[in-house]
Amino acid sequence: MSFLYKCYRDLKSYLGKLDALVELNELAIRSFKNTANSASNLREFIEGASIEYGINVQFESFPSLSAWASQYYVVAVHEAMYLFLYEYRREFVIVRGLNFEEDWPKIDGDKLTDVISQVERFCEHPNIKQTIGETQLAIFEYYHFLRNRLAHLHTKKEQELNDKYEVISEHRTKINQLYKVEDAPNHLENLCFSDFYIFTRAAKDIANKLSEIGQPTPQQIVDYIGMDKFIGLKKFTNNPGRKQKFASNIIQPYFGQLAVSEIDCIISLVQAH
């Protein structure tokens, strides 16, 4: 049980659905490839499948299905993570009663770097990158670069691409320890399902840590939800258990299931009002 921003819960829910979709898609691709590779005539096999399923397929050569699909998987995770970062800034500012333009102005650059910098400033949290995880951040930075490269295919900075791959490769041992994956990360042209897997795992880990680090104070939580929402606590003055349950039900839609000690602190603030 811990504090969780709504944007983190939304991200985790979305990526859970995306994980299942990607896994099913990957199974379908591998099954199709195995069947196609065992066919005596590849072109005839695909023409037959095209007729059977009503999909007109025209191709010069058999494409690298997994590599192409994995590129889109990476883009999907990146877009979900950037939406999380956008919503995280919004929730972080609102729950603290800050001003968007004065306290945390919107930027057009790297949103993760901006979020880390601002959270470190407001929460006075030293060594925030170590807390989040240097390897997780390196994973995000690498696939962030790949996403931008895929979005701007006219850009041909091969040396920069190779340099980024060398940097992330230095984390390969740690990645294997964290996520039990040995065949990733990969170069852009050789992306596979495991690249998606470590990226989605790292994205969830980063978002979870940011949610934990950015937890507002009990007073900020009460001010955000509104004192009037807790007025029903008076009915349970002599029943601590019911009182905790009531307060928990009020808080949960906003910030998840808080620890009992945190709920008790919020109850004390409300009763002292």
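Residues numbered from 1 in each chain as written. Predicted model: local features only at pLDDT ≥ 70, side-chain atom pairs only at ≥ 80, totals over all residues. Heavy atoms only, no water.

Trainee: In this structure, what is going on with the overall build of the protein chain? I would like to understand it.
Mentor: Each helix and strand counted, the protein chain has 13 helices and zero strands in total. Counting helices and strands in the order they occur from the N terminus, the protein chain gives α-α-α-α-α-α-α-α-α-α-α-α-α. Relative to its length of 273 residues, the protein chain is extended, with a C-alpha radius of gyration of 24 Å against a globular reference of 19 Å. Counting only C-alpha atoms and orienting by the principal axes, one finds that the protein chain spans roughly 80 × 45 × 35 Å. Within the protein chain, the proportion of its 273 residues that are buried is 41%. Put simply, of all contacts in the protein chain between residues at least 6 apart along the chain, 65% involve residues at least 24 apart. If you sum the accessible surface of the protein chain, you get close to 15,300 Å²; carbon and sulfur atoms cover 52% of it. Of the charged side chains in the protein chain, 31 are positive and 36 negative; the average position of the first set lies 7 Å away from that of the second. (Helix = DSSP H or I, 4+ residues; strand = E, 2+ residues; numbered from the N terminus. Rg over C-alpha atoms; globule rule 2.2 N^0.38 Å. Buried < 20%, exposed > 50% of the residue type's maximum accessible area, 1.4 Å probe, protein only. Contact = heavy atoms within 4.5 Å. Areas by Shrake-Rupley, 256 points an atom, 1.4 Å probe, with all protein chains shown as cover. Lys, Arg positive; Asp, Glu negative; His and termini not counted. Charge placed at Lys NZ, Arg CZ, Asp CG, Glu CD.)

Trainee: I would appreciate a short explanation of the packing of aromatic side chains in the present structure.
Mentor: Working definition: an aromatic ring pair is given by the centre-to-centre distance plus the angle between the planes. Inspection of every chain in the model, using the stated rule, returns 20 aromatic pairs. Between Y224 and Y254, the ring centres sit 5.9 Å apart and the planes meet at 90 degrees, which makes this aromatic pair edge-to-face. Taken as a pair, Y224 in helix α11 (residues 218–225) and Y254 in helix α12 (residues 240–255) lie far apart in primary sequence, 30 residues in all. Given a relative accessible area of 28%, Y254 falls into the partly exposed group. Pairing F236 with F246 gives two aromatic rings, centres 5.7 Å apart and planes at 50 degrees, and the pair type is tilted. Of this pair, F236 sits in the loop between α11 and α12 while F246 is found in helix α12, placing the two residues ten residues apart along the sequence. On the accessibility criterion, F246 (22% relative accessible area) is partly exposed. Aromatic ring contacts, followed pair by pair, group F3, Y5, F84, Y88, F92, W104, F122, Y224, Y254 and F255 into a single cluster. (Phe/Tyr/Trp six-rings, centres within 6.5 Å; stacked < 30°, edge-to-face > 60°.)

Trainee: I would appreciate a short explanation of the side chain of T200 in the present structure.
Mentor: On the secondary structure map, T200 appears in helix α10 (residues 193–213). Looking at T200, the relative accessible area reads 1%, which means it is buried. Within polar-contact distance, the side chain of T200 engages the side chain of D19 at 3.3 Å. Excluding residues within four positions of it along the chain, T200 makes contact with L15, D19 and V77. (Polar contact = N/O pair within 3.5 Å; in protein donor to acceptor, adjacent residues only side chain to side chain.)

Trainee: Please explain a nonpolar patch on the surface as it appears in this structure.
Mentor: Taken together, the side chains of Y53, I55 and V57 define a hydrophobic patch exposed on the protein surface, amounting to about 330 Å² of accessible area. One can find I55 in the loop between α2 (42–53) and α3 (65–95). (Patch = residues over 30% accessible without salt bridge, like charges linked within 9 Å, V, L, I, M, F, W, Y side chains within 5 Å. Salt bridge = Lys/Arg side-chain N within 4 Å of Asp/Glu carboxyl O.)

Trainee: Looking at this structure, I do not really get unusual backbone geometry. What am I missing?
Mentor: The phi torsion of most residues other than glycine is negative, and most of the peptide bonds are trans. The omega torsion across A184 and P185 is 10 degrees, close enough to zero to call that bond cis. Turning to its location among the elements, P185 is positioned in the loop between α9 (172–179) and α10. Phi is positive for N127, close to 55 degrees, though the residue is something other than glycine. Structurally, N127 can be placed in the loop between α5 (111–123) and α6 (128–132). Residues other than glycine seldom take positive phi values, yet K180 does so here, at roughly 55 degrees. Topologically, K180 is positioned in the loop between α9 and α10. Taking relative accessible area as the criterion, K180 reaches 67% and is therefore assigned exposed.

Trainee: Explanation requested: a negative patch on the surface in the structure shown.
Mentor: Where like charges cluster on the molecular surface, the negative patch consists of E160, D163, E166 and E170. Looking at the secondary structure, you find D163 in helix α8 (residues 158–169).

Trainee: Explanation requested: the packing of α5 against α10 in the structure shown.
Mentor: In a pair of packed helices, the angle between the axes and the distance between the axes together describe the arrangement. Two elements in contact, α5 and α10, have axes whose closest approach is 11 Å; the angle formed by their N-to-C orientations is 25 degrees. Judged by the inter-axis angle, α5 sits roughly parallel to α10. Relative to α10, α5 is oriented so that their crossing is left-handed. Between α5, through L112, V115, V119 and C123, and α10, the contact on the second element is made entirely by I206, L210 and I213. Here the contact of α5 with α10 is composed, by residue class, of seven nonpolar, no polar and no charged. (Axes fitted to C-alpha atoms, helices over the stretch in contact; angles between N-to-C directions. Parallel < 35°, antiparallel > 145°, perpendicular 65-115°, else oblique. Left-handed = near helix turned anticlockwise from the far one by under 90°. Nonpolar A, V, L, I, M, F, W, Y, C, P; charged D, E, K, R; others polar.)

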